[in-house]
Amino acid sequence: MANPFDFSSGAVLTAAQLNAIGKGGDVTWSPTSNWSGTFSAAQYARVNDMIIVSCSLTLDATPSGILEIDPAPVAGHTTLSGVSGTGCMVDTSADNVHAVCPRYNSNGKIGFTTNAENDFATVTNTKPFTFASGDSIRFVMVYQAA
């Protein structure tokens, strides 16, 4: 990506150029998941190689297996995958909220870990609680593009 600004010594940027730095606007994307549900507020922004993602998934059925969102909006740098954000999982039946850490996986998907009750583990249909219809996952994350 070519630099649109003159950053040579002595150059002066206009107010419009300064206001445009890092402004890419939010872009919606259409993620899917191995867990059945409805996505809302699925957006991302790209500033150079930094990808900022926000998303919410409300389940419409009892899930099974490990939670993954596919695909991530932009291919990530595979050697820098790992915990890179924050979010919450809402257990509506127990009126309880659990912390979640989204991460970009080397397989191009967004995965999740939790540290519920000092048990750092991958989020599954039964960890950190037994997920059911109506429960939700909301998160914001940042990762580096490939």
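On a predicted model such as this, the values are computed, not experimentally measured, just so you know. (Residues numbered from 1 in each chain as written. Predicted model: local features only at pLDDT ≥ 70, side-chain atom pairs only at ≥ 80, totals over all residues. Heavy atoms only, no water.)

Colleague: What am I meant to see in the overall build of the protein chain here?
Modeller: Helix and strand content of the protein chain: one helix and 11 strands. Ordered by position from N to C terminus, the α and β elements of the protein chain give α-β-β-β-β-β-β-β-β-β-β-β. Per-residue burial over the protein chain gives 34% buried out of 146 residues. For the protein chain, the proportion of contacts with a sequence separation of at least 24, taken over those separated by at least 6, is 59%. Carbon together with sulfur atoms contributes 52% to the accessible area of the protein chain, which is approximately 8000 Å² in total. (Helix = DSSP H or I, 4+ residues; strand = E, 2+ residues; numbered from the N terminus. Buried < 20%, exposed > 50% of the residue type's maximum accessible area, 1.4 Å probe, protein only. Contact = heavy atoms within 4.5 Å. Areas by Shrake-Rupley, 256 points an atom, 1.4 Å probe, with all protein chains shown as cover.)

Colleague: Hey, could you run me through the side chain of T124 in this one?
Modeller: Summarising the element assignment, T124 is placed in the loop between β10 (121-122) and β11 (136-144). Apart from residues lying up to four places away in sequence, T124 is in contact with W35, G65, I66, F129 and F131.

Colleague: Would you take a moment to explain the pairing of strand β8 (residues 96-104) for this structure?
Modeller: Summarising the sheet, strand β7 (residues 85-91) and β8 pair through five bridges and their orientation is antiparallel. Note on β8: the bridge partner recorded for M89 is H98. Where β7 hands over to β8, the hairpin turn is made up of four residues, of which D95 adopts a positive phi near 50°. As judged from the four bridges shared by β8 and strand β9 (residues 110-114), these two strands associate in the antiparallel manner. From the neighbouring strand, C101 faces β9, where its bridge partner is T113. Hairpin geometry of β8 and β9 is characterised by an intervening segment of five residues between the two adjacent antiparallel strands and by a positive phi of about 85° at G108. (Pairing = 2+ DSSP bridges.)

Colleague: What am I meant to see in the nonpolar core here?
Modeller: Proteins that are soluble and globular tend to have nonpolar side chains buried together. Counting 26 residues, the largest nonpolar core has F112 and F139 as the members making the most contacts within it. Going through the elements one at a time, β3 (37-47), β4 (50-59), β8, β9 and β11 are the ones with two or more residues in this core. The dominant element in this core, judged by the number of residues it contributes, is β4, at five residues. Apart from the residues within four sequence positions on either side, F139 is in contact with V53, S54, C55, I69, T86, G87, P102, I110 and F112. (Core = buried A, V, L, I, M, F, W, Y, C linked by side-chain atoms within 4.5 Å.)

Colleague: Would you mind going over the packing of aromatic side chains with me for this structure?
Modeller: The geometry of an aromatic ring pair is captured by the separation of the ring centres together with the interplanar angle, meaning the angle of the planes. Counted by the stated rule, this structure contains four aromatic pairs. Considering the side-chain rings of F112 and F139, the 5.2 Å spacing of their centres and the 75° angle between planes classify their relative orientation as edge-to-face. Pair noted here: F112 is in strand β9 and F139 is in strand β11, with a separation of 27 residues, a long-range link. Taken as a pair, F112 and F139 share a single burial class, namely buried. The structure contains a cluster of three or more aromatic residues connected by ring pairs, namely W35, F129 and F131. (Phe/Tyr/Trp six-rings, centres within 6.5 Å; stacked < 30°, edge-to-face > 60°.)

Colleague: Explain the pattern of salt bridges to me, please; I cannot follow it from the model alone.
Modeller: Where charged atoms from two side chains of opposite charge approach closely, those side chains can pair. The tally for this structure, following the rule as stated, stands at two salt bridges. Put simply, R46 and D49 hold a salt bridge, and the shortest N to O gap is 3.5 Å. Of the residues examined, D49 reaches a relative accessible area of 39% and is grouped as partly exposed. The partner of E68 in a salt bridge is K109, with the nearest N and O atoms 3.6 Å apart. With E68 in strand β5 (residues 68-70) and K109 in the loop between β8 and β9, this pair connects stretches of sequence that are 41 residues apart. (Salt bridge = Lys/Arg side-chain N within 4 Å of Asp/Glu carboxyl O.)

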